[in-house]
Amino acid sequence: MNQSPSLIEQGISQQHSKTVSCANVLTLAYQSLGVIYGDLSTSPLYVYKTTFSGKLSLHENDEEIFGVFSFIFWTFTLIALFKYVFIVLSADDNGEGGTFALYSLLCRYAKLRILPNHQEMDEKLSTYATGSPGETRQSAAVKSFFEKHPKSQKFLLLFVLLGTCMAIGDSVLTPTISVLSAVSGVKLKIPNLHENYVVIIACIILVAIFSVQRYGTHRVAFIFAPISTAWLLSISSIGVYNTIKWNPRIVSALSPVYMYKFLRSTGVEGWVSLGGVVLSITGVETMFADLGHFSSLSIKVAFSFFVYPCLILAYMGEAAFLSKHHEDIQQSFYKAIPEPVFWPVFIVATFAAVVGSQAVISATDTNMMGHAYGLAVTSVMLVTTCLMTLVMTIVWKQRIITVLAFVVFFGSIELLYFSSCVYKVPEGGWIPILLSLTFMAVMYIWNYGTTKKHEFDVENKVSMDRIVSLGPSIGMVRVPGIGLVYSNLVTGVPAVFGHFVTNLPAFHKILVFVCVKSVQVPYVGEEERFVISRVGPKEYGMFRSVVRYGYKDVPREMYDFESRLVSAIVEFVETEPGLEEEEMSNVRRKKEECMEIMEAKEAGVAYILGHSYAKAKQSSSVLKKLAVNVVFAFMSTNCRGTDVVLNVPHTSLLEVGMVYYV
């Protein structure tokens with residue numbers, strides 16, 4: 001039977017679509033090698049060195065080396081592959097990943113922490129989907145607990161901030177341990193090279209590499225991807241070579257029995273050394289955090305079919321080399337490189353370490369940094385496990401047995417590593433704790449200060465009845481033009497407006513109260529960004545515009561906010577419903593009002609912003625005065641203002657001073 005031309009054409013089209021889709025996935029998978037896996041792929045530089053940096057000694061039977069490799073293999077397999085690739089990557093928030101993405105999902109599905117200016121219309125956003133309305137007994141119980149105990153919501157916020165700040169601490173420590181570990185390999189060939197020169201070389205490389213970051217993820221990925229690919233191919237090939245040459249028996253260490261033998265023979269010292277083993281999975285959280293740059297499928301493909309096997313082969317080969325060269329434990333990675341390819345691998349290692357770096361050099365003792373790094377990594381993983389437990393219960397509505405199996409299995413493994421890292425707090429683990437507490441205090445004070453300012457605005461807003469009672473002129477001289485009054489309020493008239501007209505009793509013919517706010521979704525489409533409504537009767541010429549941004553939205557340069565806002569208001573007027581029996585007169589009035597708005601725009605647009613100063617009340621505690629009057633005031637002064645975000649021209653900007661007492 002001959003197929004019709006339309007069916008043939010349709011079949012070709014579908015086949016082409018699948019080919020393009022597959023090509024896109026492979027392209028993204030390749031690009032992800034240069035952005036996501038830089039940190040993870042450079043871990044072999046320092047894992048064995050850090051693991052055996054304490055009192056753990058090597059014996060002739062090689063049980064310690066076999067045991068450590070067994071721990072690395074199973075940790076890499078269970079945490080990186082099973083937990084993150086197979087489970088966590090599925091918990092995305094409209095394609096975005098990371099700690100805040102999980103928290104955003106929980107906020108939407110369980111209303112754990114509604115933003116102060118939240119509106120029901122926000123829940124109608126296309127990205128605000130909360131799934132089926134059905135509830136399980138477990139999800140209902142968890143939601144009820146959070147509703148009945150408001151303090152638990154605050155605790156969850158602090159918990160999320162802790163995980164986020166630990167991730168920042170992780171990023172701060174990344175270059176210290178990866179770049180220095182890579183560059184320090186040159187000391188094998190130049191033994192007299194001073195440590196300070198190693199640091200200087202690393203700093204120069206970092207400055208050079210950061211200079212290309214401004215070109216964006218897409219271009220940087222294509223620059224870095226070949227480096228990461230060459231690196232992974234190099235270390236996996238060397239791993240295969242070392243395994244065959246030095247000790248093929250290392251393959252037997254894939255059995256989990258060797259983990260038991262390791263802990264039985266080493267005892268407490270073996271447990272403490274696990275803080276070095278956990279460094280083998282540094283960077284797994286990046287797979288989830290950078291999900292928005294790529295896709296879940298592309299990350300899974302890159303890790304499962306390339307990164308995972310390459311790193312396992314690299315760790316296996318290094319362990320085989322160590323089993324015959326116990327004396328080289330502190331320089332095992334570079335010692336295991338065959339002499340003919342040492343310098344090419346060293347160069348690639350240096351570039352690969354730079355690819356995985358995200359911050360600045362902060363110390364030179366890589367063993368101490370390894371202890372600090374391990375604590376930061378395990379803390380972030382534990383936070384993710386706890387949040388995933390809530391997501392599985394509230395969002396995915398999984399059975400209680402499934403949720404318990406997840407948290408008990410993965411939580412127990414991570415607690416084992418976390419306890420080992422906590423033991424080494426005096427040896428460097430205090431660094432991420434100090435960094436995280438500092439960042440966490442800054443974030444919480446900012447959240448507290450902005451919340452209190454919003455409460456002050458709500459308590460001191462001007463009554464709409466009072467404004468309407470003043471008549472169409474609202475008690476002022478109305479001059480040509482459009483006046484935009486910025487506020488955090490989504491209802492009512494802000495106090496800054498009353499303060500303004502008290503000192504200058506004149507205002508523009510068209511008055512728009514603008515509220516720029518964040519919503520609990522990663523992105524808001526341009527077609528959904530503006531919500532326009534009237535304030536008072538039509539003859540008053542007053543509107544309200546709520547401008548919504550997601551937590552991942554970045555205001556674009558050269559964004560013509562003024563024209564977009566006026567267009568949104570005109571569109572609102574044109575589509576505003578009216579009485580059917582007066583349809584002709586309604587059309588005429590709408591045209592006239594639209595003409596008045598456009599004429600007002602031509603006359604000029606003025607931006608009125610409240611320049612607020614938050615101060616603690618006299619009765620406040622010393623700690624609160626320090627937090628509000630010093631820390632929050634400093635952050636407010638240095639925070640990017642609304643005028644910068646919306647590209648407000650300075651010639652059209654009016655600032656009204658306000659003092660908030662919180």
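A quick note: this is a predicted structure, and the numbers were derived from the prediction, not measured.

In terms of regular secondary structure, the protein is built from 25 helices and six strands. Intrachain contacts of the protein at a sequence separation of at least 6 include 84% that bridge at least 24 residues. Carbon and sulfur atoms make up 62% of the accessible area of the protein, which totals about 30900 Å².

What follows covers the packing of helix H4 (residues 63-85) against helix H10 (residues 257-266). Put simply, H4 and H10 touch, their axes get as near as 8 Å, and they point 130° apart. With respect to each other, H4 and H10 are oriented oblique. Once H4 is placed against H10, the crossing between them reads as left-handed. Taken together, the residues of H10 that come into contact with H4 (itself represented by Glu63, Glu64, Phe66, Gly67, Val68, Ser70, Phe71 and Trp74) are Tyr258, Met259, Lys261, Phe262, Leu263, Ser265 and Thr266. Tallied by class, residues from the contact of H4 with H10 come to eight nonpolar, four polar and three charged.

This paragraph deals with a nonpolar patch on the surface. Together, Ile400, Ile401, Leu404 and Val408 give the surface a local cluster of nonpolar side chains, amounting to about 370 Å² of exposed area. Here Ile401 lies in helix H17 (residues 400-423).

On to the nonpolar core. Grouped together as the largest cluster of nonpolar side chains are 109 residues, with contacts concentrated most on Tyr37, Leu45, Tyr48, Trp231, Met287, Phe303 and Tyr334. Setting aside chain neighbours within four positions, we find Phe303 in contact with Tyr37, Leu40, Phe76, Ala80, Leu81, Val85, Met287, Tyr308 and Pro309.

On average, residues of the protein score 83 in pLDDT, and 87% of them are at 70 or above. Taken as a whole, residues 1-20 scores under 50 in pLDDT and shows one contact with residues more than four places along the chain or in a different chain. Note that pLDDT drops below 50 for residues 358-363; the model gives that stretch 26 contacts with residues more than four away or on any other chain.

Across the eight residues of strand S4 (residues 542-549), eight count as buried, placing the element largely inside the fold. Residues of S4 alternate between two faces, with Met542, Arg544, Val546 and Arg548 on one and Phe543, Ser545, Val547 and Tyr549 on the opposite face, all of them buried. Inspection of the sheet shows strand S2 (residues 506-518) paired to S4 by eight bridges, in the parallel sense. Across the sheet, residue Val512 finds its bridge partner in S4, namely Phe543. Of the pairings in the sheet, the one linking strand S3 (residues 530-534) to S4 comprises five bridges and is antiparallel in character.

Cut-off values and rules
- Residues numbered from 1 in each chain as written.
- Predicted model: local features only at pLDDT ≥ 70, side-chain atom pairs only at ≥ 80, totals over all residues.
- Heavy atoms only, no water.
- Helix = DSSP H or I, 4+ residues; strand = E, 2+ residues; numbered from the N terminus.
- Contact = heavy atoms within 4.5 Å.
- Areas by Shrake-Rupley, 256 points an atom, 1.4 Å probe, with all protein chains shown as cover.
- Axes fitted to C-alpha atoms, helices over the stretch in contact; angles between N-to-C directions.
- Parallel < 35°, antiparallel > 145°, perpendicular 65-115°, else oblique.
- Left-handed = near helix turned anticlockwise from the far one by under 90°.
- Nonpolar A, V, L, I, M, F, W, Y, C, P; charged D, E, K, R; others polar.
- Patch = residues over 30% accessible without salt bridge, like charges linked within 9 Å, V, L, I, M, F, W, Y side chains within 5 Å.
- Salt bridge = Lys/Arg side-chain N within 4 Å of Asp/Glu carboxyl O.
- Core = buried A, V, L, I, M, F, W, Y, C linked by side-chain atoms within 4.5 Å.
- Buried < 20%, exposed > 50% of the residue type's maximum accessible area, 1.4 Å probe, protein only.
- pLDDT = per-residue confidence, 0-100.
- Pairing = 2+ DSSP bridges.

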